[in-house]
Amino acid sequence: MSETLKSEDKLGALLHEVQDDLRQLKSSIEKITISEGGETLDFKALDTVIRKTESSIRKCAEDYLKTVTKQLLVLPSIEALDKKTAQIPKWKPSLESIPDVRPQREDLPWLSPGEKHKSALTMRVLCNPTHPNNRAVMHQKFGISLPDIYKRSTNVAKHNRIITGPVVSLQTTESKGQHNLAMPEEDLRRVPDTRLLHMSIQHKAASLHPRDDSYSSIGLKSTCHKQLKWKTEPRSASETFGRESTPLWTTKTPPPSPKSTDHMGMIQGTNRLIPKSLQNIPVNISKYPFTIIKGQVNSVATDFCHFKQSFSLCWSSVVDALEALEKLLREFAVPLANVSGERLVEFGCSWSNGWRKAPPVISLLSVLENWEEVLDLVLRPGQRYKGEGGTEAAVIQIQTCWRRYLARTAYLHHCRRKWAAGTIAISWLMHTQICRVRKALQARRFRQLENFRSRAQHLAANWKHIQSSKRTIIHIPSLGYSQCQRLNLRGYAVLQNIQISRLCDIRDKNVEVIYVCPRHLGDDIVHYYTSLLKCDGATEGADAGATQASSCMRRFIILTPEAVDFFPTRNMCLSTLLKYSPRTLKRIKNLIQGKQTYIVGGVAHVDDLAVADELGVPILAPEPAIAQIYGTKSGGKRIFSGAEVDVPPGQGDIYSLNQRWLFKMDSEHGGRGTAYCDICHLSCYNWALQEYHRYGPELWNTKWIQESVLLRYLDEIPAWLARYAWPAKTSCYPNWACFLKSFLRQGGVVEAYPPSDSVTCLTVDLLLEPGGEVTMLSCGDQLHGSCQLEAIGSTVPQTSVHPETLHSICMRVGQACLQRLIVGYVSVDLTTFLYHNTMEQKVWAIDLDLTYSDQLAMTQMLLMMTGGTLNCRAGCLEVPMPIRDKCCEHQIAPKPPVINRYAVVGSHLFHSNLSMLYHNVFFMMCKAHGIGFNMKKKQGTVFAPYDSSERCSIGMITIAEDLQGALVTFARNLSVIHQEISSSKMQGETNFKELIKDIEDVLQMTVQNKMRAVDDKPAT
């Protein structure tokens, strides 16, 4: 047996040398370069020759070993295929050597029952090879010694080639490495451990490509300064020993990050980066250890020679791993490394050693017994540059970092330039798009303006015909203020709907009204105005009245633009909302198709032109540009100067502070943009009066006399204004500084307040017809609340100025407006007082509004309810009374008697507690207190609700036989309503109280005037 083993060793050495020669031949193929003549070598032919040589060697070896061992022994190929492993040898005795022990029926003697039972039990044991007594019974009965059989592990690696040993020498070799006890002890030492033999012989695929010298470790090799990457290795060869084991590498690092080049972070994460296979390396003492000193193996050392001799049959797979380990240790200048031979063989067999695939560094370190010390040394920053090729690696690293820096810098510069180019391009595209849109809008507005002018000419040419025929009026009560003003107005939608009384234009039988409402009205308000317009103040019979009422219902319609729901908080004017409401515009088009139609707007806005152009109808108003010029305080001053009417002393178009008295902003309205300062607070005021009396009224008008007083005034005015000037409505401008800032930005006028203790303001509404005629539609004396410069209501007709004087002033103002191409509805504010020096009545024109006023809208309701007419030239409200006696059919009906009535109109009544009552409850409360309208007597009270949601604002008209009765009724109604909706602890926010006080002052003045008139009669 010893001779057979010696021959096997010689044969293994011979085959090992042949395999080394073939491996070196394959390795040298890549070093062959192309010849100078340009001819290329045929690597495929060389590979074919190597394969034929390997096949012939394998065939000769198999024939020789079959002759020696009488069994088939196949050597592993140099280039093994993937997914092929060696199969564990199994013990298969030849069936011919086992005699047939089955007894023949004729040879069996007669046996007792006990012997039969014992024979059956013996056969059962023989038939069960796993029975513990099977081996003993086989030896006792037949003289055959069987090897010990143990239960194999279920996860033993399967090999695709059968490796069998000699029958004589290794007859009893088992899968777990148990040697035959009959072999001599000295021969056992020379036989290698079959566990490692079975484990090491694995067939791998090899490719004829140059092997990559770099290792697949990221972070351990500081040349590339990358993070460690753990790769999953094949199962450990310890599974072939019947033990359960885990994969060699069980940890995978995330993809490398830009921060992975930091050695300190790599060292701090060493414990985390060490795979479980290193932490779980068994501490068994190796049987084949050897030492590597400074990356070199002493080939003549006893331990290495013993290791090489023991694993000569699988040396081809071990030598590659050994060379890779030596190279790693040289590169990192590792002085001493203790290698475990078993681990190295296990790693060499499990490593897929392709020509371009380097072994994992951590896997290599796992074969070391002192792997912890070596790993600490390898992870040390800069250690790579101390070993073999460290200088070249450092140079490469420096060049790599520098090139990376240059590339990164160039890339960032390129990104910045690309971003800048994109930004410039987008900005330019946006600029060109905005310019294109702006030009398109300008062209559209110019086209709309041209269409407006052409339609205005047609309206002027056919105005008389339109007024005498059936027509449709589209009322759009839009307040086209600036955006800043609209956003600062409280209840902007309610303010636009105050003129809902425009519906009363249907009192003319030839008029149909389309009212565009800025809010959704509730059914209660719609029903109220429907019932109100049915009354119409008719004086004829019941049948005719019913017919007329049904006709009135068909002659008005209320529309709300759908854009109201889309912009609930933007405070957009009604014209803009209608412009963005295509469904409402389409419905209006259908309603006015084939009819004489024109638009009556409010405060002019540029979107009025867009709406008119969309509907194709004219607007009874001036151009928005003209209205913007002459609708301001300064523009009104210029018109009044052209009309040669009296105006307060002052100066218009002031944009720098150099005058005194009242300060009025150009674009504000309703007393919002007005401030005042009493001149009596000037310290030089008394001295100026002395100078006035000294020179007299005639000399005082000369400039050289006023110069000294003016200079002294100018010195004191800044401090005087800062201390004593105060805005009229502090809710809009809390102090003088805020007011002054807006005043100097917008511009305005400075004018004197009337020098009298008793001042009356009145409003006159004019219609400047496109045909060139001026008509007075309404006139009334103003009623004020807490702010004396803001009108809340008025008394109709006015009684403070002689009608002829008022008519003359209004005609002159109207003609001045027509000369400036102003048509439509105009409201003129005047003030009258007694001048104390001459005791003459003075009338000053103080403001001009180019819009349909709230007073005119309430006057239309007044005329609708009474069925009368307002004769402004005579200064009376003529109301026809119903005829009681019916006349015969052949008799001509006499004209109804006409009586005079007086009315008090309140369009801006506000009380916060009104929101607690619905309108039907409010009307029932008023009816319970006797507040209502008497259709027969044509007197009483009429309300004008504005909205259904907030219900804080309301309009009211009281009609009586005389002015005193109308004022008393109005004040009484306010007092009753306030008492009903308020309590001592909840008074609410209201202007009722201030208006009642102003009415009491008017009543007192009326009583004094009557007493003065009575005293003057006897004297005449």
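Small disclaimer: the values here were computed from a predicted structure and weren't measured. (Residues numbered from 1 in each chain as written. Predicted model: local features only at pLDDT ≥ 70, side-chain atom pairs only at ≥ 80, totals over all residues. Heavy atoms only, no water.)

## What to know about the overall build of the chain
Part 1: Counting its regular elements, the chain contains 34 helices and 25 strands.
Part 2: A buried classification covers 45% of the 1020 residues belonging to the chain.
Part 3: In the structure as shown, the chain presents an accessible area of about 56200 Å², 55% of it carried by carbon and sulfur atoms. (Helix = DSSP H or I, 4+ residues; strand = E, 2+ residues; numbered from the N terminus. Buried < 20%, exposed > 50% of the residue type's maximum accessible area, 1.4 Å probe, protein only. Areas by Shrake-Rupley, 256 points an atom, 1.4 Å probe, with all protein chains shown as cover.)

## Notes on the sheet that holds strand β5 (residues 336-340)
Part 1: Here we have three strands laid out as an open sheet, ordered β4-β3-β5, and antiparallel in their pairing. The open sheet terminates on both sides in strands that have one partner only, identified here as β4 (296-297) and β5.
Part 2: Here strand β3 (residues 289-293) pairs with β4 via two bridges, running antiparallel. Directly across from I293, in β4, lies its bridge partner Q296.
Part 3: Lying over the sheet, helix α10 (residues 302-310) contacts β3 and β4, oriented at roughly 125° with respect to β3. (Pairing = 2+ DSSP bridges. Contact = heavy atoms within 4.5 Å. Axes fitted to C-alpha atoms, helices over the stretch in contact; angles between N-to-C directions.)

## Focus on the packing of aromatic side chains
Part 1: A complete count under the given rule lists 21 aromatic pairs for this structure.
Part 2: Consider the rings of F663 and F743, whose centres lie 6.2 Å apart with planes at 90°: the pair is edge-to-face. Placement of F663 in strand β11 (residues 662-665) and of F743 in helix α29 (residues 736-746) is noted, with a sequence separation of 80 residues between them. Here F663 and F743 have matching classes, each one buried. (Phe/Tyr/Trp six-rings, centres within 6.5 Å; stacked < 30°, edge-to-face > 60°.)

## Focus: the pattern of salt bridges
Part 1: All told, the structure shown has 20 salt bridges when counted by the stated rule.
Part 2: Residue R453 is joined to E623 by a salt bridge in which the shortest nitrogen-to-oxygen separation is 2.8 Å. Separated by 170 residues along the polypeptide, R453 in helix α15 (residues 390-461) and E623 in the loop between α24 (607-615) and α25 (624-630) bring together distant segments of the chain. (Salt bridge = Lys/Arg side-chain N within 4 Å of Asp/Glu carboxyl O.)

## Quick notes on helix α11 (residues 315-331)
Part 1: The first and last C-alpha atoms of α11 sit 24 Å apart over 17 residues, in line with the 24 Å expected at 1.5 Å per residue.
Part 2: In terms of burial, α11 is a largely internal element, 14 of the 17 residues being buried.
Part 3: A333 lies just past α11 and shows a positive phi near 55°. (Expected span 1.5 Å × (residues − 1).)

## Brief notes about unusual backbone geometry
Part 1: With an omega dihedral of -5°, the bond running from V796 to P797 counts as a cis peptide bond.
Part 2: Mapped onto the elements, P797 comes out in the loop between β17 (791-796) and α30 (803-819).
Part 3: Phi is positive for K294, close to 55°, though the residue is something other than glycine.
Part 4: Mapped onto the secondary structure, K294 falls in the loop between β3 and β4.
Part 5: Positive phi, close to 60°, is recorded for R951, a residue that is not glycine.
Part 6: Turning to its location among the elements, R951 is positioned in the loop between β24 (939-945) and β25 (953-960).

## Focus: helix α12 (residues 341-350)
Part 1: When you tally the buried positions in α12, you get nine out of 10 residues, the bulk of the element.
Part 2: Within the span of α12, buried status applies to G341, E342, R343, L344, V345, F347, G348, C349 and S350.

## What about the environment of R343?
Part 1: You can see R343 is positioned in helix α12.
Part 2: Between the C-alpha atom of R343 and that of L364, which follows or precedes it by 21 residues, the distance is 9.4 Å.

## Observations concerning empty space enclosed by the protein
Part 1: This model, assessed by the stated rule, comprises eight cavities of 30 Å³ or more.
Part 2: Put simply, the largest cavity is a space of about 180 Å³.
Part 3: Looking at the largest cavity, it is lined by 20 residues, and the ones nearest its centre are G602, A604, L620, A621 and P622.
Part 4: When residues of the lining of the largest cavity are traced back to their parent elements, those giving at least two are α24, α25 and β18 (824-835).
Part 5: Partitioned by chemical class, the residues of the lining of the largest cavity number 14 nonpolar, five polar and one charged. (1 Å grid on protein atoms, 1.4 Å probe; cavity = no way out; pocket = protein on both sides within 12 Å on 5 of 7 lines; lining within 4 Å. Points joined across faces, edges and corners; volume = space filled by probe spheres on them. Nonpolar A, V, L, I, M, F, W, Y, C, P; charged D, E, K, R; others polar.)

## Concerning the side chain of T674
Part 1: Mapped onto the elements of the fold, T674 is located in strand β12 (residues 674-676).
Part 2: Excluding its chain neighbours within four sequence positions, the residues that come into contact with T674 are F663, K664, P727, A728, F739 and L789.

## Re the sheet that holds strand β7 (residues 511-516)
Part 1: Pairing in this open sheet of four strands is parallel, and the strands run β8-β7-β6-β9 from one edge to the other. In this open sheet, the two strands that pair with only one neighbour each are β8 (556-559) and β9 (597-600). Taking each pair of neighbouring strands and ignoring which way they run, the sheet shows an average axis angle of 20°.
Part 2: Pairing of strand β6 (residues 471-475) with β7 involves five bridges; the strand directions are parallel. Looking across to β7, one finds that H475 is bridged to Y515.

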